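# Chains, contacts and geometry: an overview
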Amino acid sequence: MGLAKQLIVDGKDVVMIDNSHERIESAVTKLDCLGILGNGTDIAKLMEADIEHAQAFIAVTNSDEINLVSCGLVSSSYPQVKTVAAIRSLIYTGADGLKEGLLGIDYIVNPNAETAKSIYKIIEQGVNGNVLGFSNSKLLLYNFYIEPFSSYVGSTITEMRNKLQAEFVIASINRRGLVIVPSGNTTIQARDTLSIVAESEEVTDILKTVGQLQKRPNNMVLVGASRITRALLNRMSPAMRSKVAVVDQDEEVCRSFSERFREILVIKADITDEDIMAEEQLGSYDLLIALTDNDELNIITASYAKRIGVDRSIALIKQNNNYTRMASYLDIDVVISTTDTTVESLLRYLRGKSVTSVHSLFNDQLEIYEFIVSKDSLVCNKQLKDINMRKKAIVAGVTDKEGNSSIPTGLTTLKEGDTVLVAVMRDSSEFIQKLFG
């Protein structure tokens with residue numbers, strides 16, 4: 001339902017097909033969409049949804065087979081409709097991912113691979129839940145909370161920049177739930193959350209200055225030998241894997257992981273055993289990542305790990321996204337949602353080739369887009385001061401074709417091939433997509 005919600009806000013007409021009466025009723029009640037009770041492999045139901053005039057057909061059920069068959073059916077009968085499928089099993093995708101074109105499917109996303117990619121980025125960035133990265137830029141976005149006793153309270157944005165002696169842009173301010181796009185004269189207030197965009201080195205310096213710098217974890221324990229665990233280990237170098245322990249209670253799965261990843265330590269145990277943490281000295285690890293298929297177990301494990309001495313913890317949420325809000329109160333450093341990472345990947349594709357990353361912040365009030373400027377873009381070869389963004393957006397960073405990143409000024413000219421980070425209020429995202437796309 002998260003994807004449907006985002007598409008509706010984008011101004012798209014959405015029709016949902018599901019074989020669960022409860023899910024259809026919930027979707028129609030909560031969202032401005034049509035609901036059809038049935039199966040995506042039923043051509044009659046597809047016709048009822050007016051598939052012939054649709055821009056895209058998206059199959060994201062829990063069954064790879066249904067997703068493949070329904071997309072193949074649409075592709076063969078309605079070749080003008082884009083088809084998108086979520087495929088989880090490596091049987092279909094192979095270790096390197098599935099090439100577009102199978103059964104005529106235009107885009108395939110592997111939720112496990114997308115989640116593993118996000119977790120790996122989080123590890124590389126020091127497991128700081130307030131830092132977000134982008135696909136084609138070295139720039140980072142850091143959410144900085146202003147404590148009531150902070151020396152920055154009462155300063156303007158310009159004065160804060162001078163105090164920190166760093167090059168950055170404050171893309172937005174979340175002030176008591178209300179998000180604003182600031183100017184240099186905006187005054188910082190206690191309990192503001194500032195979204196700062198800067199180069200990775202500058203972010204590191206800022207975090208050092210405010211005492212929130214986190215080093216990349218040296219050794220880590222992964223709880224649950226799941227598909228996501230396998231995908232994450234595949235992304236790691238042998239040297240990195242040599243500092244990893246995997247805990248799982250299934251003997252056959254443990255044997256399989258030991259054979260596939262020779263460098264790791266595999267511990268056959270039930271993580272809920274009250275003695276296992278002490279016996280295996282799991283409290284001595286820098287990072288624990290709970291990756292089982294049980295959301296509740298992941299939250300409990302990640303929270304308990306912090307209490308016994310693990311420096312940082314990450315919990316995976318696969319089923320119930322409501323847990324992501326609860327987990328922040330349990331001393332868990334980062335909560336990663338398979339649903340959210342999958343939705344981000346699908347939105348990048350559906351919003352066009354020019355969009356390479358998108359992050360939603362502050363309950364979807366603000367979005368941070370990463371655009372690649374094309375020669376046909378309305379902003380190509382224009383200076384920022386000449387681009388009218390209706391005071392609803394701000395260009396927070398630019399990376400040229402050579403990979404050089406910079407914090408822009410009004411005199412910065414956007415050129416073909418530049419990667420541009422744009423922070424935009426959600427109600428203006430469609431306008432900004434047309435402007436930069």
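Definitions and cut-offs
Residues numbered from 1 in each chain as written. Predicted model: local features only at pLDDT ≥ 70, side-chain atom pairs only at ≥ 80, totals over all residues. Heavy atoms only, no water. Helix = DSSP H or I, 4+ residues; strand = E, 2+ residues; numbered from the N terminus. Rg over C-alpha atoms; globule rule 2.2 N^0.38 Å. Buried < 20%, exposed > 50% of the residue type's maximum accessible area, 1.4 Å probe, protein only. Contact = heavy atoms within 4.5 Å. Areas by Shrake-Rupley, 256 points an atom, 1.4 Å probe, with all protein chains shown as cover. Pairing = 2+ DSSP bridges. Axes fitted to C-alpha atoms, helices over the stretch in contact; angles between N-to-C directions. Arc of directions from axis to C-beta. Right-handed = clockwise from strand over helix to strand, strands pointing away. Patch = residues over 30% accessible without salt bridge, like charges linked within 9 Å, V, L, I, M, F, W, Y side chains within 5 Å. Salt bridge = Lys/Arg side-chain N within 4 Å of Asp/Glu carboxyl O. Lys, Arg positive; Asp, Glu negative; His and termini not counted. Charge placed at Lys NZ, Arg CZ, Asp CG, Glu CD. Parallel < 35°, antiparallel > 145°, perpendicular 65-115°, else oblique. Left-handed = near helix turned anticlockwise from the far one by under 90°. Nonpolar A, V, L, I, M, F, W, Y, C, P; charged D, E, K, R; others polar. Expected span 1.5 Å × (residues − 1).

In terms of helices and strands, the protein chain carries 16 helices and 23 strands. Since a compact globule built from 437 residues should have a radius of gyration of about 22 Å, the 23 Å found for the protein chain is in line with a globular shape. Along the longest, intermediate and shortest principal axes, the C-alpha atoms of the protein chain span 60 × 60 × 40 Å. For the protein chain, buried positions account for 49% of its 437 residues. Long-range pairs, those at least 24 residues apart, make up 62% of the contacts in the protein chain between residues at least 6 apart in sequence. For the protein chain, the exposed area adds up to about 21300 Å²; of that, 48% sits on carbon and sulfur atoms.

Hydrogen bonds along the backbone pair up the strands of a sheet, which may run parallel or antiparallel. Ordered by their spatial adjacency, six strands build an open sheet running β13-β12-β11-β14-β15-β16, and the pairing between neighbours is parallel. For this open sheet the edge positions go to β13 (265-268) and β16 (334-337), each flanked by a neighbour on one side alone. The mean angle between the axes of side-by-side strands here comes to 20°, regardless of whether they run parallel or antiparallel. Across the face of the sheet, helix α6 (residues 111-124) comes into contact with β11 (220-223), β14 (287-290), β15 (312-317) and β16 while running at roughly 160° to β16. Running at roughly 175° to β15, helix α13 (residues 295-307) makes contact with β11, β14 and β15 of the sheet.

Turning our attention to helix α16 (residues 429-436). Restricting attention to buried positions, one finds in α16 the residues Ser-429, Ile-432, Gln-433, Leu-435 and Phe-436. Buried residues of α16, seen end-on, are gathered within an arc of 165° and therefore sit on one face of the element. Taken together, the buried residues of α16 touch β18 (366-372), β20 (393-399), β22 (413-414) and β23 (419-425).

Residues Phe-57 and Ala-59 of strand β3 (residues 56-59) are buried on one face, while the alternating residues Ala-56 and Ile-58, pointing to the opposite face, are not. Bridge analysis of β3 against strand β4 (residues 82-86) gives four bridges, and the strand direction is parallel. Within the sheet, the bridge partner assigned to Ala-59 lies in β4 and is Ala-85. Each parallel crossover has a hand, and the one from β3 via helix α4 (residues 64-77) to β4 is right-handed.

A surface patch of negative charge is lined by Asp-270, Asp-273, Glu-274, Asp-275, Glu-279 and Glu-280. The residue Glu-279 is located in helix α12 (residues 276-279) in this model. Judged by its relative accessible area of 55%, Glu-279 falls in the exposed class.

Before going further, it helps to spend a moment on the packing of α6 against helix α9 (residues 227-235). Viewed as axis vectors pointing N to C, α6 and α9 meet at an angle of 50°, and their least axial separation amounts to 8 Å. Judged by the angle between their axes, α6 and α9 are oblique. For the pair α6 and α9, the sense of crossing is right-handed. Contact residues: Asn-112, Ala-113, Thr-115, Ala-116, Lys-117, Ile-119, Tyr-120 and Ile-123 in α6; Arg-227, Ile-228, Ala-231, Leu-232 and Arg-235 in α9. Tallied by class, the residues present in the contact of α6 with α9 amount to eight nonpolar, two polar and three charged.

Because each turn of an α-helix spans 3.6 residues, side chains separated by three or four positions in sequence point in the same direction. Taking 1.5 Å per residue, 14 residues should reach 20 Å; α4 reaches 20 Å between its end C-alpha atoms and fits that length. Within the span of α4, buried status applies to Asp-64, Asn-67, Leu-68, Ser-70, Cys-71, Gly-72, Val-74 and Ser-75.

This paragraph deals with the sheet that holds β3. A sheet is described by the order of its strands in space; here three strands give the open sequence β3-β4-β5, paired in parallel fashion. The open sheet has two edge strands, β3 and β5 (107-109), and neither has a second partner. Across the sheet, the axes of successive neighbouring strands diverge by a mean angle of 15°, strand direction being ignored. Here α4 sits on the sheet in contact with β3 and β4, set at roughly 175° to β4.

Structurally, Leu-291 can be placed in the loop between β14 and α13. When the C-alpha positions of Leu-291 and Ile-336 are compared, they lie 9.9 Å apart, and in sequence the two are 45 residues distant.

Following the sequence through the fold, Asp-286 ends up in the loop between α12 and β14. In this structure Asp-286 is buried but unpaired, with Arg-312 as the nearest side chain of opposite charge at 5.6 Å. Once residues within four sequence positions are removed from consideration, Asp-286 is found in contact with Pro-217, Asn-218, Asn-219, Val-310, Asp-311 and Arg-312.

Moving on: the packing of α6 against helix α15 (residues 338-350). Across the interface, α6 lies against α15 with an axial gap of 9 Å and an inter-helix angle of 100°. In terms of orientation, α6 and α15 fall into the roughly perpendicular class. Within the contact between the two elements, α6 uses Pro-111, Glu-114, Thr-115 and Ser-118 and α15 uses Thr-338, Thr-341, Thr-342, Ser-345 and Arg-348. Looking at the contact of α6 with α15, its residues break down into one nonpolar, six polar and two charged.

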